[in-house]
Amino acid sequence: IMITVRKLKLTVIGTDEERKQGYKFIRDSQYAQYQGLNLAMGILSSAYLESNRDIKSDTFKNAQKSLTNSNPLFEGIAFGTGIDTKSSITQRVKKDFKTSLKNGLAKGERTITNYKRNYPLMTRGRDLKFMYEGDDILIKWVNKIIFKVVLGATKRKENSIELQHTLHKVIDKEYKVMQSSLCFDKNNNLILNLTLDIPYTPKKNFVEGRVLGVDLGIKYPAYVCLNDDTYKREHLGSINDFMKVREQMQQRARNLQQALKLTKGGKGRTKKTQALNRLKDKERNWAKTYNHQLSKKIVDFAIKHQCEFINMEKLTKDGFGDKLLRNWSYYELQNMVEYKAERVGITVRYIDPAYTSQTCCICGHIDKDNRQTQEKFKCTECGFELNADHNASINIARSEKFIK
Ligand SMILES: [Zn+2]
């Protein structure tokens, strides 16, 4: 079992009034919880001090026992309807007190927990009901409040893709929603700290020590090959389609930029700037989709051939080692491979990219001249010949020069 927390940006949906009431409900409930937490902690800490820091004393034990939902301390606090804040508070406080003790409260090294005004509002997992509505993901919560998940809120695109996958599994009930919390960040955005119980996928059906080497390139976006059975190889994806669309988009961008230079200002300029930005977004999305498909193909190949590991070259500033590769989102691709592989229990390792394409996979001889053309590898030492990408992918699969 693996517990993970994902931060989701939310908005309350509904009429203006419903939204206003929704946010108010959250803030009021958060305030009530804050009061309750400190009062409950006060009961434990005063009993603790009263009993001369003896947690085995009756005084302390009784105080601990008294911390239930029916404790009078909760009377007069307006907890949010339907959230079951009392249970969350008593559990939280007991747990935090225990932690403080463990961390040196008994030795006076630590003071008693003081909960802040903005302590996130705890909510039960079962009160968060995730569902699709068109392209949106909604969450039905208590008090008839409905949230919409703001997707694409994360800066890095690959995170956003992964998030959608994760939420899909939540909706499919593959992942279980555990106790989570709501809070407002410093920009006043509503944030859900979503705690998930992700079933651990045990490694299974792999051939021990089998590695898939992934050679990323231009002509063939990815050439994959096994370390132990080098006949099992394939080039995945076609760069031709990708480049064609890309070239068209870049040409249009150049035209727009040219037009911008000639446009002095005013409405025309704004319009053209907007068009340029839209084009950039579009291009970006295209690459993302492409990477999405390609990473899936790579991981599927590894699954099909029961690989324990996937080896990829560590991306440097200019590309991969002796290959100068710019202009393409390799970083994003590698990230996608990484998380998709991880989910099925395949470990991704990064290796030193130096000389992977200049080394002979048979005799190990390194020579720039081994690479006769972009496509052909011929060893100047032993005469071995092979498709250059195939040779490189074998070297990558067999490399043990791991880089963190
Ligand atoms: Zn050789």
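Refer to the structure printed above.
Residues numbered from 1 in each chain as written. Predicted model: local features only at pLDDT ≥ 70, side-chain atom pairs only at ≥ 80, totals over all residues. Heavy atoms only, no water.

Asks: Any chance you could break down the overall build of the protein for me, citing the residues and the numbers?
Replies: The helix and strand inventory of the protein stands at eight helices and 18 strands. Relative to a compact globule of 404 residues, whose C-alpha radius of gyration would be 22 Å, the protein shows 29 Å and is clearly more extended. Its C-alpha atoms give the protein principal-axis dimensions of about 85 × 60 × 40 Å. In the protein, which comprises 404 residues, the proportion classed as buried is 43%. Accessible surface computed for the protein: about 22600 Å², of which carbon and sulfur atoms make up 49%. In the protein, which carries 72 positive and 46 negative side-chain charges, the distance between the mean positions of the two groups comes to 6 Å. (Helix = DSSP H or I, 4+ residues; strand = E, 2+ residues; numbered from the N terminus. Rg over C-alpha atoms; globule rule 2.2 N^0.38 Å. Buried < 20%, exposed > 50% of the residue type's maximum accessible area, 1.4 Å probe, protein only. Areas by Shrake-Rupley, 256 points an atom, 1.4 Å probe, with all protein chains shown as cover. Lys, Arg positive; Asp, Glu negative; His and termini not counted. Charge placed at Lys NZ, Arg CZ, Asp CG, Glu CD.)

Asks: So what's going on with the coordination of the zinc ion? Which residues, and what values?
Replies: Distances from the zinc ion to its protein donors, namely Cys360 (SG), Cys363 (SG), Cys379 (SG) and Cys382 (SG), fall within the range 2.2 to 2.3 Å. Bound by four donor atoms, the zinc ion shows angles of 104 to 116 degrees at the metal and therefore tetrahedral coordination geometry. Since its relative accessible area comes to 1%, cysteine 360 is described here as buried. (Donors = N, O, S within 2.8 Å, 3.2 Å for Na, K, Ca; no water. Tetrahedral: all angles 85-135°; square planar, octahedral: opposite > 155°, others 65-115°.)

Asks: Describe the sheet that holds strand S10 (residues 222–226), listing the residues and the values that go with them.
Replies: Here six strands make up an open sheet; going across it, the order is S11-S10-S9-S12-S15-S18 and the pairing mixed. At either end of the open sheet lies a strand with only one pairing partner, and these are strand S11 (233–236) and strand S18 (402–403). As paired elements, strand S15 (residues 347–351) and S18 share two bridges and run antiparallel to each other. Across the sheet, residue isoleucine 351 finds its bridge partner in S18, namely phenylalanine 402. Here helix H8 (residues 388–398) sits on the sheet in contact with strand S9 (211–216), S10, S11, strand S12 (309–313) and S15, set at roughly 135 degrees to S9. (Pairing = 2+ DSSP bridges. Contact = heavy atoms within 4.5 Å. Axes fitted to C-alpha atoms, helices over the stretch in contact; angles between N-to-C directions.)

Asks: Which residues make up the side chain of threonine 123, and what are the values?
Replies: Inspection of the secondary structure puts threonine 123 in strand S2 (residues 121–123). Residue classification places threonine 123 among the buried positions, given a relative accessible area of 0%. Within the local environment of threonine 123, its side chain forms a polar contact with the side chain of tryptophan 141, the two groups lying 2.9 Å apart. Excluding its chain neighbours within four sequence positions, the residues that come into contact with threonine 123 are Ile83, Leu128, Trp141, Gln179, Ser180 and Ser181. (Polar contact = N/O pair within 3.5 Å; in protein donor to acceptor, adjacent residues only side chain to side chain.)

Asks: Give me the lowdown on unusual backbone geometry, citing residues and values where you can.
Replies: Phi at asparagine 52 is positive, roughly 55 degrees, even though this residue is not glycine. Note that asparagine 52 resides in the loop between helix H1 (16–50) and helix H2 (58–66). Although it is not a glycine, lysine 144 sits at a positive phi angle of roughly 60 degrees. Take lysine 144: it is sitting in the loop between strand S4 (136–140) and strand S5 (146–149).

Asks: Give a detailed account of the packing of aromatic side chains, specifying residues and quantitative values.
Replies: Counting across every chain of the model gives nine aromatic pairs. Each ring, one from tyrosine 115 and one from tyrosine 119, has its centre 5.2 Å from the other, and the planes form 90 degrees; the classification is edge-to-face. Classification of tyrosine 115 as buried rests on a relative accessible area of 3%. With centroids separated by 5.5 Å and ring planes inclined at 40 degrees, the aromatic side chains of tryptophan 141 and phenylalanine 147 adopt a geometry described as tilted. Of the residues examined, phenylalanine 147 reaches a relative accessible area of 0% and is grouped as buried. An aromatic cluster of at least three residues, connected via ring pairs, comprises Phe25, Trp141 and Phe147. Lying over the aromatic face of phenylalanine 184, arginine 27 brings its terminal NZ or CZ to 3.7 Å of the ring centre. If you follow lysine 314 out to its NZ or CZ, it ends over the ring of tyrosine 350, 5.4 Å from the centre. (Phe/Tyr/Trp six-rings, centres within 6.5 Å; stacked < 30°, edge-to-face > 60°. Lys NZ or Arg CZ within 6 Å of the ring centre and 35° of its normal.)

No statement about biological role is implied by the geometric values presented.
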